[in-house]
Amino acid sequence: MIPAVKLNNGADMPILGLGTWSAEPGKNEQEVGEGLNAMIQQGLVKRKDVFVVNKLWNTFHLPSLVRKACEQTLRELKLDYLDLYLMHFPMGAKPGDDLFPVDESGEMYSDGSNFLETWEKMEELVDEGLVKAIGISNFNRDQIESLLNKPGLRHMPANLQIECHPYLIQEKLINYCHSKGMTVTAYSPLGSPNRPLAPKDEISLLDEPVVKAVAKKHNKTPAQILIRFHVERNVVVIPKSSTPSRIQENIQIFDFKLSDEDMESLLSLNKNWRGFTMEWASQHKDFPLLTEN
Ligand SMILES: NC(=O)c1ccc[n+]([C@@H]2O[C@H](COP(=O)([O-])OP(=O)(O)OC[C@H]3O[C@@H](n4cnc5c(N)ncnc54)[C@H](OP(=O)(O)O)[C@@H]3O)[C@@H](O)[C@H]2O)c1
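Given the structure is predicted, the values throughout are model-derived calculations rather than measurements.

Peer 1: Which parts of the structure should I look at to understand the pairing of strand S3 (residues 53-56)?
Peer 2: The side chains of a regular strand alternate between both faces of the sheet. Taken together, the four bridges between S3 and strand S4 (residues 84-87) define a ladder with parallel strand orientation. Counted as the bridge partner of Asn54 is Tyr85 from S4. As a crossover connection, the stretch from S3 through helix H2 (residues 66-77) into S4 is right-handed.

This is the structure:
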């Protein structure tokens, strides 16, 4: 049984999840849906024992599109509800088939929407039972604050999903969210070594000497140390792998603990390095990486 964090709707969210992002957003829901459905049909798992998270993509921020986007996701996943639905970014983009619409200057083409209005439509998804909880991703502290202070807020965000690993420890943002009763999920916990456009000469977190030394001490792999790092901070972690042996490896993190000393040496690796700098959207009015988190 995987330990869980408690969401503000009372639900338990497993502290370890499987990331399924592979190439581009919107290209893997059908496969996940088929796999999940086969497992449920064969009686191997019950729907209530699986915690499914999905996100609202930028091109569906206009209030008229939010419900349609969620319904489309549910259809592809062959599910009748999601456990958690996140606004992928605070930035809305021009609707259409293009997932990354750009204007003449090559910048993200804004749809002019306001994420507080998009949030109101996400709240309705909870009321209608399409999703059990709602949250946000890639929001900075000011943006979270403006959401929490929104007049008439009906559903508090249950979770913030952000890039986080020893090179980007997100100390302040995590403490802030926890102080407000919001859980946090760490994405790219292994530093997303195979992401598109990663520089060829990038030194992977998995090869970081400090991580390797802690791994050796515990007779674990560097990936297991990088995943366990979040569990020690009560942060949900979602490593991605489509390699069965690695998926097995990445789950074997509940039979050991990192000491305070281990945590200090991992935390000291922080250099505010991001695998995802979102340069494609840097001029957007709601670009999240302008202020210190
Ligand atoms: N909210 C957002 O904006 C956002 C952005 C990025 C990612 N995410 C989420 O976070 C999840 C994870 O992030 P990520 O995919 O960027 O990066 P990641 O989990 O840090 O790294 C995934 C890569 O590491 C490899 N890997 C997995 N386990 C390994 C192991 N034990 N040893 C060595 N290599 C291993 C995987 O290869 P194989 O698959 O070939 O095994 C894959 O190439 C995504 O799937 C997605 O759900 C969210």
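Peer 1: Mind showing me how you'd approach the environment of Asn140 here?
Peer 2: Residue placement: Asn140 occurs in the loop between strand S5 (134-137) and helix H4 (141-148). On the basis of relative accessibility, which here comes to 5%, the residue Asn140 falls in the buried class. The spatial distance from the C-alpha of Asn140 to the C-alpha of Thr73 is 26 Å, given a sequence separation of 67 residues. A polar contact of 2.8 Å, which involves the side chain of Asn140, links it to the backbone nitrogen of Gln143.

Peer 1: Can you walk me through the environment of Val131 in this structure?
Peer 2: By secondary structure assignment, the location of Val131 is in the loop between helix H3 (115-127) and S5. In sequence terms Val131 and Trp280 are 149 residues apart; their C-alpha atoms lie 30 Å from each other. Look past the residues within four positions of Val131 in its chain and what remains in contact with it is Cys70, Leu82, Tyr85, Leu125 and Val126.

Peer 1: Mind showing me how you'd approach the sheet that holds S5 here?
Peer 2: Strands in a sheet are paired, the pairing made by backbone hydrogen bonds, and the direction either parallel or antiparallel. With respect to topology, six strands assemble into an open sheet ordered S3-S4-S5-S6-S7-S8, the strand pairing being parallel. Sheet topology places S3 and strand S8 (236-237) at the edges, where each strand pairs with a single neighbour. Taken together, the five bridges between strand S6 (residues 159-163) and strand S7 (residues 183-187) define a ladder with parallel strand orientation. Bridge pairing in S7 links Asn159 to Thr183.

Peer 1: Help me out: how do you make sense of the pairing of S5 in this one?
Peer 2: Here S5 shows no split at all, with Ile134 and Ile136 on one side and Gly135 and Ser137 on the other all buried. Pairing geometry for S4 and S5, over three bridges, is parallel. Across the sheet, the residue bridging to Tyr85 is Ile134, located in S5. Handedness of the β-α-β unit built from S4, H3 and S5 comes out right-handed. Relative to S6, S5 is paired through two bridges, and the arrangement is parallel.

Rules behind the numbers
- Residues numbered from 1 in each chain as written.
- Predicted model: local features only at pLDDT ≥ 70, side-chain atom pairs only at ≥ 80, totals over all residues.
- Heavy atoms only, no water.
- Pairing = 2+ DSSP bridges.
- Helix = DSSP H or I, 4+ residues; strand = E, 2+ residues; numbered from the N terminus.
- Right-handed = clockwise from strand over helix to strand, strands pointing away.
- Buried < 20%, exposed > 50% of the residue type's maximum accessible area, 1.4 Å probe, protein only.
- Polar contact = N/O pair within 3.5 Å; in protein donor to acceptor, adjacent residues only side chain to side chain.
- Contact = heavy atoms within 4.5 Å.

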